[in-house]
Structure formats: C-alpha cells, structure tokens
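Architecture at a glance
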2 protein chains.
Amino acid sequence: MVDRFRFQNVAIVGIGLIGSSIALALRAGGFKGPIAIGDRNGDALRVASEIGLGTSYHVSAAKAVAGADMVILAVPVGSMQATGRAIAPSLQADAIVTDVGSVKGSVIEAMAGSLPQSARFVAGHPIAGSEQSGPRAGFATLFAKRWCIITPTPETDQDALDVVADMWRGFGSHIEMMDAERHDLVLSITSHLPHLIAYNLVRTASDMESVAESEVIKFSAGGFRDFTRLAASDPTMWRDVFLNNRVAVLESLGRFSEDLAILQRAIRWGDGDTLYEIFERTRTVRTDVVGAGQDTAAPDFGRPREESSGEETASEEAAEDDAEAAPVSAAR
Amino acid sequence: MVDRFRFQNVAIVGIGLIGSSIALALRAGGFKGPIAIGDRNGDALRVASEIGLGTSYHVSAAKAVAGADMVILAVPVGSMQATGRAIAPSLQADAIVTDVGSVKGSVIEAMAGSLPQSARFVAGHPIAGSEQSGPRAGFATLFAKRWCIITPTPETDQDALDVVADMWRGFGSHIEMMDAERHDLVLSITSHLPHLIAYNLVRTASDMESVAESEVIKFSAGGFRDFTRLAASDPTMWRDVFLNNRVAVLESLGRFSEDLAILQRAIRWGDGDTLYEIFERTRTVRTDVVGAGQDTAAPDFGRPREESSGEETASEEAAEDDAEAAPVSAAR
C-alpha cells in the first residue's frame, strides 16, 4: 500500500466542516502523527477537542503550526491573508502550506504577500461540502469520489504539489490541475452563482409579504425546498467568496440575467415554443451529471420516501386525525 | 377503518408520474374497483398496461371515462380544456371530476367552459412530485405526508369535495383549502419560480462558451447539480404552467430580479455587510422547512455518502489508478 500521507506533523487551521472532515479523513486513511488544530473561535475549538479531532488545540494559529510539516488552511477566503501573516513567523522552514478556499486567485495573492519565501504553498480546492457548518458537521468520506482542483503557479514547488495531491488521493479524491483564473471562472458558474441564486430566491420568498412565510414553508415541496439547502450554507464563507471572485461572478450573473429576461419575455408574450425548447434542452444536463458520477441517479436526490405498514395505517386511520393523516400502506 | 375511497369506478386520464402514482396509491390503499386509464400517447399506455396500473386502457379519453363515478385528470394544464371537451359527452351524470394541475384559476375556467352542468368538478393540486416523468416514475407513497390543496368555488358540490378530500387523505396527504387565486400566487413562489430559475441557471451554464460543458458537469457538486434536478422536469408540463400562471409568475419573478440587483450591486461595490445580513437571514428558512416536515434533516438531502472498507482501499490503492482513486476507508 502506497503511503498517501508523506508528512509527519499536521496543522489544520480552521475547524469547520472542511477542516474537521480533513482531520477525520487523515485518521481514517491511517495517518498516525500529531494533528494540531487551530481556530480563533473558542467554542469550535472546544467541540473539536470533545470529539477528539486532533492531538492539540490552539486559539493561536501561530502556535498550531509550530513544528508542522503540513499546514492546511481551512478558514474563510477573506481570512486567508491575516492567517498567513499570523503563521509566518512560526512556520517551520520548508513546511508545505495548502488551503481549501473556494476562490484561488485572491488566495494565491494573499499567500504570496504573507508567507515567508521558505514556505512551500500549494493552492487547492476540494469540490465537496454540505449545507452544515462547524466541527460537528465533518465526516471522513466527504471528499471520496469528489474532485480536488489544484491551481499551481510558476512558483509552486513540484514536490510539495505532489505531496498535497497524494494527500487528496488518500482521501479518495480525483485530482484536476488548472490555473487559478480558470478555476475562478469555472467555479463561478458551477458553485458561486448557484449559491447566490439560492440565497436570493429564499430571500425573495421570505419577503413576499402577500404570501405568509408559513405558506412558503408549508408548500415548499413544490421545488422551493431545494433552494433552502444551499441558502443555509455558512454566511461568512459565502460573503468572502463573492467579495473575492467579483469579476467572474458578475460575468456569470450577467449572463444569467440576460437569459432570464428571455424567459420572462416568453412568459409575458405566451411564447410556448421558446419555453419548451429551453426546458427540453436542460433536461439532458441532469443525465450527464448523473452519468459523470457527480450525483445520485435516484429520483429526488434519493430523499427518504415515506413508508408505513398496513397495520399502522389501519390503527392511525381509526384515530381519524386529519391534521396528521396516516400515510397509505404501500408496496414499493 | 374508514373507507377513504367512496367511489366504485375510477378513470385516470393522463398516465405520467402523477397519474401512475394515483393508480398505485389507490391499490395500495385497498381500492378494489376498476381503474380505466386514458392517454393519447400509445407508448405511455402500453407501459401502463405492462406494469398493470389499471384494468382497461384507452387512447380515447371519452372511452376511458365512460361508466366512471370518479374521473381524475392528470394531463398538463394546457391540455385540460381539450380533455374536458373530449370527455363531456360520455361522462356519467353526477360523476365527480377532479384534476391535479399545478395552476388552478385557468383549469377551473377551462372546466367551466367544457364540462356538462351535471358533472361535479373539484379542483385539486397535490404538492408532490419528482424530476422523473412517465408511467414508470410513479410510486404509491408519492403523496404521503405531502399537502394536497383543494380550491373550491361557490359552484363546487360539497359532497364531491368531501369525496375528493377523503381520497387524498387515503393517500396519506394533508388537505388545505384556499381559493384558486391565492393558490396560484402561493405556488408561483414556492414552485413555479424555483423551476423557472433552475431551468434558467442550467441553460446559462450550458451555454457559457468560455467554460466547457464537460467542466460544468465535472464540478457540478459545488452546487450546480442541485439545479439540474428541477431542470430535468417535464418540459410540456412546465411550459403549460408558465403560460397559465402568467400574472403571478411575472410578479414573483419581478421581485426576484429586484432582489438579485441588490446582491449584484453589493458584490460590485464590495459591500460585505449587505451580503452577510441576507445570507444569515435565509439560513433559518431551512430549519423551518425541516421543522415543518417538508424536507429531510439529513445533510445534503440525505444523498448517499461514499463508503468503503479498509480492505478495498488497500487493494485499490495498490492498483495505483489515479483516475479512479480509491475512496478512503472510514468509520461514520
């Protein structure tokens, strides 16, 4: 068995969903060395310690990274520069530093301006996550079969890059290399814009004073509930993504708005052919996403279906409680 | 046990996802009488017959409804009027006719203009579905614990309304009553706008010529894949929804676009406080949706997580196939 983890001493700075998943994935993959955890949030640190995610816990990022040969920065993109400055004085010479930020151009710039020359920085981004946040949200298989994008620059140390890529392979990830500018453009459409749109739709629905919020919630199974998941993502992380990938997000958003104007006009003028043609074309994209192993083939994301036995139905129905009508018995 | 199905002879016109789920839910709930199935699409009809969804199969809707005391119209909203006209001559006197259309105002109007005076029409809409279409997509528990909205008018026969409501209760649904205008407004925000936005985002992404479609698919786990599900919904059904709920959809869409302009401006001007404030507020909506039993509490919609045993990891890693890197072993 190849050793995917070619380092002895890890520091993880930022112990949210991604940081905690990395800690768990390291252990699950057989990493035996110390894992120092840094987070300026004392509550998160205490939880991490309760779960036993690491071997030492530090409010100071500088203290967390002292002695580590692999430093993983899992803080919001907007905190990368301050974190880089904080750890610079105590970084071991030749330490590998990598990150998991959703924007790469601004992070590379922030690190170039804050880390010492001797540190070997490799910019990375695992395309994985969930709407949940914090150290309790992590799980060891979060990165399995997901892509991890690494965005090298001419300054990137090849050996350090290999060590980082191998670590992600050890977590079960596939590796893709591209330059930071391309990453930021591609992700603006596959990740940043979808989150922005989800946040916006949930806001519009919540604010629609002619429709009570209770009705919006009650009938959300008609489609709205899907958007509430992305719109429950960490607000600090996403604020930073939009502030740090401004140009690409505005470009993608401009295209989205143009296309939306066409749909709006088709609805206003009763142009069914335009609507049908667009809806027919988008249908195949789902098949492609499932075919590429990027989502489940099960209907409705494989959401749990309601189930009940015939006996329960009979007894619950006897109670005649309409507000909680009994689910029908079914052979699936 | 109360008999939820107070009719002897059912006809279902339109055997897609909803029609087939009704047929299965009737049988699962103990309905023993004949179920005549009508669909002008010969392929759908043949599939329905192969699965055994009904007791007789008809390309002619008129023939399907002859002799039925309960007629369920499960065709796209735009086909309701033509279907009403087609079945009018052969409807049994006093037959109950109900529908499952996603728009109610236009369907009530279409039925008033096409059904005979003696028919008792009750407009209904189950808030349930999936992105899959056709007679094979149906399942008996689709309506369990979901809301079914009934939109009576002053002309609605009270007894017929009770029979229809009881049928949905027999499928495990909760019943909500409201007028058609309110239904169309509420659903414009909880269902119609979300579908429109999903269709549009998938279209924009597919068309973004500076990003290859393969990249859009490959990195779709960043958020985009969620939208591909809704955008895979039946194009005919959704074209008809937008054409028939024009006023309410344009109103909701107008609000969405105004709100999106505010986000766009905040990104352009680097206004992080506005972004954070909106993202923080939308977060609670998810909790409310889950609390109301309208979605699963599991992260990521409960999508199946990757799993593997340590043994598999070892042997797959020995194969050293990077393109299909082994998922990490994990205790979850």
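Everything quoted here is computed from the prediction, not taken from an experiment.

**Some details on the interface of chain A and chain B**
Contact residues are listed per partner, giving 139 residues for chain A and 140 residues for chain B. Around 13,100 Å² of area is buried between chain A and chain B when both sides are counted, 63% of it from carbon and sulfur atoms. Connecting chain A to chain B are 14 salt bridges. Ranked by residue count, the leading element in the side of chain A that touches chain B is helix α7 (residues 180-207) of chain A, at 21 residues. The class makeup of the residues in the side of chain A that touches chain B is 67 nonpolar, 33 polar and 39 charged.

**A closer look at the domain arrangement of chain A**
All names here are of chain A. Domains assigned within chain A are domain 1 (10-178) and domain 2 (183-293). Of note, the centres of domain 1 and domain 2, computed from C-alpha atoms alone, are 30 Å apart. Across the boundary between the two partners, domain 1 contributes 18 residues, which contact 15 residues of domain 2. Both faces considered, domain 1 and domain 2 share a buried interface measuring about 1,300 Å² in area, 60% of it formed by carbon and sulfur atoms. Of all residues in domain 1, the largest losses of buried area upon contact with domain 2 belong to Ser102, Val103 and Glu131, amounting jointly to 39% of the total for that side. There are one salt bridge connecting domain 1 and domain 2. A salt bridge links Glu131 to Arg229; its shortest N-O distance comes to 2.9 Å. Here domain 1 is connected to domain 2 by eight residue pairs in polar contact (both at pLDDT 80 or more). In terms of residue class, the side of domain 1 that touches domain 2 is made up of six nonpolar, nine polar and three charged.

**A closer look at the packing of aromatic side chains**
Under the criterion given, the structure shown has 24 aromatic pairs over all chains. Consider the rings of A:Phe279 and B:Phe242, whose centres lie 5.7 Å apart with planes at 65°: the pair is edge-to-face. Placement of the pair is A:Phe279 in helix α12 (residues 272-291) and B:Phe242 in helix α10 (residues 235-244), with the two residues belonging to separate chains. Measuring from ring centre to ring centre gives 4.6 Å for A:Phe301 and B:Phe301, while their planes differ by 0°; the resulting arrangement is stacked. Note that A:Phe301 is positioned in the loop between α12 and α13 (310-319) and B:Phe301 in the loop between α12 (272-291) and α13 (310-319), a pairing that runs across two chains. Accessibility classification places A:Phe301 together with B:Phe301 in one group, the buried group. Linked through ring pairs, A:Phe5, A:Phe7, A:Phe31, A:Phe143, A:Trp168 and A:Phe171 together constitute an aromatic cluster. In this structure, B:Lys218 is placed above the aromatic ring of A:Trp147, and the distance from its NZ or CZ to the ring centre is 4.5 Å. Over the ring of A:Phe139 we find B:Arg305, and its NZ or CZ is 3.3 Å from the ring centre.

**Focus: the side chain of A:His192**
Along the chain, A:His192 turns up in helix α7. For A:His192, the side chain forms a polar contact with the main-chain oxygen of A:Ser102, separated by 3.2 Å.

**Brief notes about the sheet that holds strand β9 (residues 174-177) of chain A**
Residues and elements named next belong to chain A. Ordered by their spatial adjacency, three strands build an open sheet running β7-β8-β9, and the pairing between neighbours is mixed. Strands at the two margins of the open sheet, each flanked by one partner only, are β7 (124-126) and β9. Strand-to-strand twist in this sheet, taken as the mean axis angle between neighbours without regard to direction, amounts to 20°. Looking at chain direction, strand β8 (residues 147-150) and β9 are connected through four bridges and run parallel.

**Digging into the packing of α7(A) against helix α11 (residues 246-268) of chain B**
Closest axis-to-axis distance for the α7(A)/α11(B) pair is 9 Å, and the angle between their directions is 130°. The angle between α7(A) and α11(B) places the two elements in the oblique class. The interaxial crossing formed by α7(A) with α11(B) has right-handed handedness. Contacts from A:Leu196, A:Ile197, A:Asn200, A:Leu201, A:Arg203, A:Thr204 and A:Asp207 of α7(A) reach α11(B) at B:Ser252, B:Arg255, B:Phe256, B:Asp259, B:Leu260, B:Ile262, B:Leu263 and B:Ile267. Taken together, the residues that form the contact of α7(A) with α11(B) break down as eight nonpolar, three polar and four charged.

**What to know about helix α1 (residues 17-28) of chain A**
Residue and element names in this part refer to chain A. With twelve residues, α1 ought to run about 16 Å at 1.5 Å a step, and its terminal C-alpha atoms sit 16 Å apart, in line with that. By the criterion of burial, α1 is predominantly enclosed, with nine of the twelve residues buried. Those residues of α1 that fall on the buried side of the exposure criterion are Leu17, Ile18, Gly19, Ser20, Ser21, Ile22, Ala23, Ala25 and Leu26. Looking at the buried residues of α1, the elements they touch are β1 (10-13), β2 (35-38), β4 (70-73) and α6 (158-170). Two residues or fewer after α1 comes Gly30, characterised by a positive phi angle close to 100°.

**Brief notes about the confidence of the model for chain A**
Predicted confidence across chain A gives a mean pLDDT of 91, with 92% of residues reaching 70 or more. Low confidence marks residues 308-332 of chain A, where pLDDT is under 50. Its contacts with residues over four positions away, or in another chain, come to 52 contacts.

**Considering the sheet that holds strand β3 (residues 56-58) of chain A**
Residue and element names in this part refer to chain A. If you trace the six strands from one edge of the open sheet to the other, you get β3-β2-β1-β4-β5-β6, paired in parallel fashion. Since the sheet does not close on itself, it has two edges, and those belong to β3 and β6 (120-122), each with one partner. The mean inter-strand angle of the sheet, taken between neighbouring strand axes irrespective of direction, is 20°. Note: β1 against β4, four bridges, orientation parallel. The residue bridging Ile12 from the neighbouring strand is Ile72, located in β4. On the sheet, helix α4 (residues 80-87) packs against β1, β4 and β5 (96-99) and is oriented at approximately 155° with respect to β4. Of the strands in this sheet, β4, β5 and β6 touch α6, which is tilted by about 45° from β6.

Cut-off values and rules
Residues take numbers from 1 onward in each chain, read along the sequence in its written order. Chain letters and ligand numbers both follow the written order, the letters beginning at A and the numbers at 1. Since the coordinates come from a predicted model, pLDDT governs what is reported: local features require at least 70, and pairs of side-chain atoms require 80 or more to be given and counted, while whole-chain, interface and lining totals use all residues. Just so you know, side-chain values use all the structure's heavy atoms and leave hydrogens and water out. Contacts: residue pairs with any heavy atoms within 4.5 Å of one another. Once two parts are put together, the accessible area they lose, assessed with a 1.4 Å probe and summed over both, is termed the buried area. Counted as salt bridges are all cases of a side-chain nitrogen of Lys or Arg within 4 Å of a carboxyl oxygen of Asp or Glu. Strands are runs of DSSP state E lasting at least 2 residues, helices are runs of H or I lasting at least 4, and numbering of each runs from the N terminus. For this classification, the nonpolar set comprises Ala, Val, Leu, Ile, Met, Phe, Trp, Tyr, Cys and Pro, the charged set comprises Asp, Glu, Lys and Arg, and every other residue, Gly included, is treated as polar. Where a domain begins and ends is set by an automatic assignment or by a domain database. We define a polar contact as two N or O atoms separated by no more than 3.5 Å, with the added condition that, inside protein, one atom must be a possible hydrogen donor and the other a possible acceptor, whereas residues neighbouring each other in sequence contribute only through side-chain atom pairs. Aromatic pairing here means that ring centres of Phe, Tyr or Trp (its six-membered ring) are within 6.5 Å. Orientation follows from the plane angle: under 30 degrees is stacked, over 60 is edge-to-face, and everything else is tilted. Burial classes follow relative accessibility: with a 1.4 Å probe on protein chains only, a residue under 20% of its type's maximum area counts as buried, one over 50% as exposed, and anything between as partly exposed. A ring is considered to have a charge above it if a Lys NZ or an Arg CZ atom is located within 6 Å of its centre and within 35 degrees of its normal. Strands are treated as partners if at least two bridges between them are detected by DSSP. Only C-alpha atoms enter the line fits that serve as axes; for helices the fit covers just the stretch in contact. Angles between N-to-C directions range over 0 to 180 degrees. Note that the term roughly parallel is reserved for angles under 35 degrees, roughly antiparallel for angles over 145, roughly perpendicular for angles of 65 to 115, and oblique for everything else. Working rule for handedness: look at the near helix, and if it is turned counterclockwise from the far one by less than a right angle, call the crossing left-handed; if clockwise, right-handed. Under the convention used throughout, the expected extent of a helix is 1.5 Å for every residue step, that is, one less than its residue count. pLDDT is a residue-level measure of predictor confidence that goes from 0 to 100.

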